[in-house]
Amino acid sequence: MPQFTNTYFDNASTGWPKPPEVADAMAEFVRNTGGTYGRAAYQRVYKTSSMIEECRDELAKVIGVGESGNIAFTQNATHAINTVLFGLNLHDCEVLVSPLEHNAVMRPLERLRETSNVRWKVLPAKEDGTIIPEQIPGIITDLTRLVIVNHESNVNGVIQPVEKIREFIGNIPLLVDTTQSLGSVSFEGDKWGVDFIAFTGHKGLLGPTGTGGFYVRNPELLSSLIFGGTGSRSESMEMPLFAPDKFEAGTHNTVGIAGLLAALKNRPEQDWNSSDFNGLIAQLQQVSGVRVLTAEHSVNRGNVFSLVHESLTPSTIANGLYERFDIEIRSGLHCAPLAHQFLDTFPKGSARFAPSFFHTKEDLQNLGEALKITLNDKNYV
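Residues numbered from 1 in each chain as written. Predicted model: local features only at pLDDT ≥ 70, side-chain atom pairs only at ≥ 80, totals over all residues. Heavy atoms only, no water.

Novice: It is not clear to me how the overall build of the chain should be interpreted in this structure. Could you clarify?
Specialist: Within the chain one finds eleven helices and eleven strands. C-alpha extents for the chain along the principal axes are approximately 70 × 55 × 35 Å. When the 381 residues of the chain are sorted by exposure, 55% land in the buried category. Considering only residue pairs separated by 6 or more positions, the chain has 70% of its internal contacts joining residues 24 or more positions apart. Accessible surface, the chain: about 16300 Å² in total, of which carbon and sulfur atoms supply 49%. Treating the 32 positive side-chain charges of the chain as one cloud and the 43 negative ones as another, the clouds have centres 3 Å apart. (Helix = DSSP H or I, 4+ residues; strand = E, 2+ residues; numbered from the N terminus. Buried < 20%, exposed > 50% of the residue type's maximum accessible area, 1.4 Å probe, protein only. Contact = heavy atoms within 4.5 Å. Areas by Shrake-Rupley, 256 points an atom, 1.4 Å probe, with all protein chains shown as cover. Lys, Arg positive; Asp, Glu negative; His and termini not counted. Charge placed at Lys NZ, Arg CZ, Asp CG, Glu CD.)

Novice: Please clarify how the pattern of salt bridges should be interpreted in this entry.
Specialist: Should their charged atoms come close, side chains of opposite charge can pair. In total, this model carries 13 salt bridges according to the counting rule given. In this structure, Arg-56 and Glu-53 form a salt bridge, with 3.1 Å as the shortest nitrogen-oxygen distance. Of this pair, Arg-56 and Glu-53 both sit in helix H2 (residues 43–63), separated by three residues, roughly a single helical turn. Arg-56 gets classed as buried once you look at its relative accessible area, which sits at 0%. Relative accessible area serves as the criterion here: at 29%, Glu-53 is assigned to the partly exposed category. Asp-190 is the salt-bridge partner of Arg-217, the closest N and O atoms lying 3.2 Å from each other. (Salt bridge = Lys/Arg side-chain N within 4 Å of Asp/Glu carboxyl O.)

Novice: Looking at this structure, how should I read unusual backbone geometry?
Specialist: A cis amide bond links Trp-16 with the next residue in sequence, Pro-17, at an omega value of -5°. For Pro-17, the position within the fold is in the segment before helix H1 (20–33). Look at the link from Phe-346 to Pro-347: it is a cis peptide, with omega at 10°. Within the secondary structure, Pro-347 is located in the loop between helix H10 (337–342) and strand S11 (350–353). Located in the positive-phi region is Asp-344, a residue other than glycine, with phi close to 60°. Inspection of the secondary structure assignment puts Asp-344 in the loop between H10 and S11.

Novice: Quick question: what am I supposed to make of helix H4 (residues 103–116) here?
Specialist: Structurally, the α-helix is built with 3.6 residues per turn, so residues lying three or four positions apart point the same way. Here H4 spans 18 Å end to end across 14 residues, near enough to the 20 Å set by a 1.5 Å rise per residue. All of the buried residues in H4 are Asn-103, Ala-104, Val-105, Met-106, Pro-108, Leu-109, Leu-112 and Ser-116. For H4, the secondary structure elements touched by its buried residues are helix H3 (77–87), strand S2 (93–97), strand S3 (118–122), strand S4 (144–150) and H10. Among the residues trailing H4, Asn-117 stands out with phi positive, at a value near 55°. (Expected span 1.5 Å × (residues − 1).)

Novice: Would you mind going over helix H11 (residues 361–375) with me for this structure?
Specialist: Look at H11: 22 Å from first C-alpha to last across 15 residues, which is about the 21 Å you get at 1.5 Å a residue. Residues of H11 that are buried: Asp-363, Leu-364, Asn-366, Leu-367, Gly-368, Ala-370, Leu-371, Thr-374 and Leu-375. Against helix H8 (274–285), strand S8 (290–293), strand S9 (305–309), helix H9 (314–325) and S11 lie the buried residues of H11.

Novice: Explanation requested: the packing of H2 against helix H7 (residues 254–265) in the structure shown.
Specialist: Helix-helix packing is characterised by the crossing angle of the two axes and by the distance between the axes. In the contact formed by H2 and H7, the axes pass within 9 Å of each other and the chain directions differ by 45°. If you check the angle between H2 and H7, you find them oblique. When the axes of H2 and H7 are compared, the crossing they make is left-handed. On H7, the residues touching Thr-48, Met-51, Ile-52, Glu-54, Cys-55, Glu-58, Leu-59 and Val-62 of H2 are Thr-254, Ile-257, Ala-258, Leu-260, Leu-261, Leu-264 and Lys-265. Residues of the contact of H2 with H7, tallied by class, amount to ten nonpolar, two polar and three charged. (Axes fitted to C-alpha atoms, helices over the stretch in contact; angles between N-to-C directions. Parallel < 35°, antiparallel > 145°, perpendicular 65-115°, else oblique. Left-handed = near helix turned anticlockwise from the far one by under 90°. Nonpolar A, V, L, I, M, F, W, Y, C, P; charged D, E, K, R; others polar.)

Novice: Just checking my understanding: could you explain the layout of surface pockets for this structure?
Specialist: Space inside the largest pocket adds up to approximately 310 Å³. Forming the walls of the largest pocket are 20 residues, and the residues nearest its centre are Phe-73, Thr-74, Gln-75, His-79 and Ala-249. Elements with a minimum of two residues in the lining of the largest pocket: strand S1 (71–74) and H3. Broken down by class, the residue content of the lining of the largest pocket amounts to six nonpolar, twelve polar and two charged. (1 Å grid on protein atoms, 1.4 Å probe; cavity = no way out; pocket = protein on both sides within 12 Å on 5 of 7 lines; lining within 4 Å. Points joined across faces, edges and corners; volume = space filled by probe spheres on them.)

Novice: Would you mind showing me how to read the packing of aromatic side chains here?
Specialist: One pair of aromatic rings is described through two measures. These are the centre distance and the angle between the planes. Overall, the coordinates contain seven aromatic pairs when judged by the stated rule. Taken together, a centroid distance of 5.6 Å and an interplanar angle of 75° make the contact between Tyr-8 and Trp-16 edge-to-face. Under the relative-accessibility criterion, Tyr-8 is labelled buried at 10%. Geometrically, the ring pair formed by Phe-277 and Phe-305 is edge-to-face, given 5.9 Å between the ring centres and 70° between the ring planes. Within this pair, whereas Phe-277 is found in helix H8, its partner Phe-305 is found in strand S9, the two being separated by 28 residues in sequence. Taking relative accessible area as the criterion, Phe-277 reaches 2% and is therefore assigned buried. (Phe/Tyr/Trp six-rings, centres within 6.5 Å; stacked < 30°, edge-to-face > 60°.)

Novice: I'm lost on the sheet that holds S9 in this one. Help?
Specialist: Pairing within the open sheet is antiparallel, and its four strands lie in the order S8-S9-S11-S10. Strands with a single pairing partner mark the edges of an open sheet, and in this sheet they are S8 and strand S10 (330–332). On average, adjacent strands in this sheet sit at an angle of 25° to one another, irrespective of strand direction. Where S9 lies against S11, three bridges are found, and the strand directions are antiparallel. Looking at S11, one finds that Ser-306 is bridged to Arg-352. (Pairing = 2+ DSSP bridges.)

Given below as structure tokens:
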């Protein structure tokens, strides 16, 4: 029977385990630091404020931007995306989206469709959902105000050609959702000319839940979404007009940001590489009755894939893996019905797999063996 060092393959939902320094930093903050961000002038507040600014600086390196002051913290990427979409004051216009968007994008757009006559159209793409940049000009109109791209799909791991997409959309603002990719796929926000970058701390960055945020190239383009205290311009009842304060009303998740900073500064070494991952994909593609949802070309392949079986439901596959091998995955629609509709896996969805830095080469090999055993189990077939 396959033996695993780590049976958790649901890192597309949340990264686990975390580096031990994450828990240590959070406990240290609770026990010995405390303090708020920018709310007073004593040493404890200085230390907390410096920690948060250091975290901004580290995030700027990861997303490839030079102005860390344009990074605002939110509770997650969904909050960040809502801040951008509603902060742009969109109305009577259209938005172009990739065919693999998450509901963190599609539900706010649906709300804008209902309330502000904002229509959305899907960007031209190949069968696996990879956008075809050269065809984008053909669907741009005078009403196009924004392009949204999920950098890496949380369903099939397709990595989109962001730099090439920017080349073919001209000056139209570009919002990229890096929720799935950041931490495992390189990103060059400034080089690629990205206007808005949404991120979360708890997946590939290996930080705690409740941490996330966004980068905005031109803060003056966005209105505030939430209003309240910032510790700055306290004499005024109006929100400050400068970043990041205009987007950070209320007390920060200081404990979570302490953990996120520790995660950014203590990245683990990965034992396996793209060749090992692609070997697993190739192995599964040879299994009878299985369709593997992944990028057609390995160069566009992130560390996420799904599969469907001609007779087994995704939940049956997930339950079989857990009962026999304690393997933890997620089955279903993954909060991405648009993606599953495009990939022709709606409404049942798929069984999804996402390894992490903490798996070994042998774990990936053994996952393939465990899947073959499960998919051929006569109790299920």
